[in-house]
Amino acid sequence: MKMSLYTLKRRGSRIALVTTSALLLSLTPVFNAPQFAVHAEEETKEDMQQQKDEAEAGQAEAEANAAKYQKQIDSLVKTVTELDAQMTDISVQIVEKKQEASDLQAEIDDTQKKLAAAQVSEDNQYEAMKKRIQYLYEEGDVEYIDALLSSASFEDSLNKSEYVDQISSYDQKQLNKLVKTKNDIASYEKTLEKDLADVETVKADLEQKQSDLDDVITQKNDEINKYSGDVAVQQAIAAEFAQKAADLDDKLANLAIQEAAAREAELKKQQEEQRKQQQQQQQIEDNNNNGGSDDNGGSSDDNGGSSDDNGGGSDDNGGGSNGGSTTGTGQFIWPVSTGGVITDTYGPRDAPTAGASTWHRGLDIGCGYGDAILAADSGVVTVAEWGESGGNYVMIDHGNGFVTMYLHNSSLAVSVGDVVSQGQTIAYAGSTGYSTGTHCHFSVFLNGEYVNPQDYL
């Protein structure tokens, strides 16, 4: 979805949108098809160059903003990765504590069962002892037996039993052993319950820490999403500026074609005026020679013939100034001296790099760095300069409405105004401007419109 710079700016105060002039620039119409009609009120070359410079500055600033936000995203992603690792460690600890608590609870349950069993054994032993005491009572020593039977509790009876020497030593040892076992079990149960409480406390602390980390991770992810939106906005701005700069490059190229056509028309006009002046001068000379023919007719005729030859020579010289190497043959030769291979054809495509057009207006010929780039036909160099998208490039006016353009060169071998012949070296292959590798981008214009170069090679 294409967004205007005004809409993009309203996405948030954190988005720094270059300068006011760049904003105004982004709101101007996007130029697609080149127009060659020259009107005094239209933008000048200087205006277009200034707009292009502003677009490139805006693109650079938007790309810098995108890089800044991306750096913040990378930092946040690193932090979230570290927090995720902590979360994983805490989750493992919580699982371990849950298992530990489960094991302790199972041991507590088992201990409680053992405690209950010990109580049953104690009760059974007590009942057996009571029966033996009852037997003693029935058989004799009432005083001691009454003391035992009047005890308030089992423990009380044990104390009193120390004084009842009639009770067997076996019963006394068994009772002591049962009491100790029960007490040991009860003490162990308390230890287990304390351990369980400690584990539950640690587990609760870990769960709280896990919850806190989860909140931090959520916050960091929200920030990542926000900065990701900022990056997308800045990339959209940079792409819009890049497209604007590319469109202005096309306009400047078209303007150069117009200027070349105007220069050619002016040259032809001057040549025509010169030819007419020579013709008039020759006519005057012919008239003067004819005026003296009564006395020197023969020589006059010879002079007239000589004058006619000179006139013809004048016509030939005029023709050499008018056409010759400044007008092409109309048949183009291959522009790469080493041949090369076609890597991209004329027409629609996916942009190979940032700033490149999705409608390819020429022929890409892959070749070696520094290979000679040749003039496809004879003509006059109208552009030989650096452009943001085209890098070092050359344009040649071949006359008859034909203009060729050679982009992405490492260096140039000609200057504006040079008259070149077909096959002459005009540049050396490179990868300057918006390019993904060494090649020659070859474009053909016919009457100011891009045409498919393969139709003319």
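Above this note sits the structure.
Notes on the structure in this doc start here. These numbers come from a predicted model, not from an experiment.

**Overview of the sheet that holds strand β11 (residues 425-428)**
Part 1 of the reasoning: Reading across from one edge, β5-β11-β9 is the order of the three strands in this open sheet, with antiparallel pairing throughout. Both edges of this open sheet fall to β5 (372-374) and β9 (411-412), since each of them pairs with a single strand only.
Part 2 of the reasoning: Sheet analysis places β9 next to β11, joined by two bridges and oriented antiparallel. By the bridge assignment, L412 is partnered in β11 with A427.

**Looking at the pairing of strand β12 (residues 439-446)**
Part 1 of the reasoning: Of all eight residues in β12, seven are buried; the element is thus mostly enclosed.
Part 2 of the reasoning: Pairing between strand β4 (residues 363-366) and β12: four bridges, direction antiparallel. Each residue of the ladder has a partner; that of D364, found in β12, is H441.
Part 3 of the reasoning: Two elements, strand β8 (residues 402-409) and β12, share six bridges in a ladder whose sense is antiparallel. Within β12, the position partnered with V403 by the bridge is F445.
Part 4 of the reasoning: Where β12 meets strand β13 (residues 449-451), three bridges bridge the pair, whose relative direction is antiparallel. For L446, the partnering residue across the bridge sits in β13 and is E449.
Part 5 of the reasoning: Connecting β12 to the antiparallel partner β13 that follows it, the hairpin turn spans two residues, and N447 within it adopts a positive phi of roughly 55°.

**Brief notes about the side chain of N392**
Part 1 of the reasoning: Relative to the helices and strands, N392 is located in strand β7 (residues 391-399).
Part 2 of the reasoning: Within polar-contact distance, the side chain of N392 engages the backbone oxygen of S410 at 3.1 Å.
Part 3 of the reasoning: Setting aside residues up to four positions removed in sequence, N392 forms contacts with E385, W386, Y406, L407, H408, N409, S410, S411, L412 and T432.

**Observations regarding the pattern of salt bridges**
Part 1 of the reasoning: In the structure shown here, the tally under the stated rule is 10 salt bridges.
Part 2 of the reasoning: Two residues, E100 and K97, come together in a salt bridge whose shortest N-O distance is 3.4 Å. Separated by three residues within a single helix, E100 and K97 lie in helix α3 (residues 45-139), roughly one turn from each other.
Part 3 of the reasoning: For R361, the salt bridge goes to D250, with nearest N and O atoms at 1.9 Å. Taken as a pair, R361 in the loop between β3 (359-360) and β4 and D250 in helix α6 (residues 169-291) lie far apart in primary sequence, 111 residues in all.

Here is what the cut-offs are and how they apply
Residues numbered from 1 in each chain as written. Predicted model: local features only at pLDDT ≥ 70, side-chain atom pairs only at ≥ 80, totals over all residues. Heavy atoms only, no water. Pairing = 2+ DSSP bridges. Helix = DSSP H or I, 4+ residues; strand = E, 2+ residues; numbered from the N terminus. Buried < 20%, exposed > 50% of the residue type's maximum accessible area, 1.4 Å probe, protein only. Polar contact = N/O pair within 3.5 Å; in protein donor to acceptor, adjacent residues only side chain to side chain. Contact = heavy atoms within 4.5 Å. Salt bridge = Lys/Arg side-chain N within 4 Å of Asp/Glu carboxyl O.

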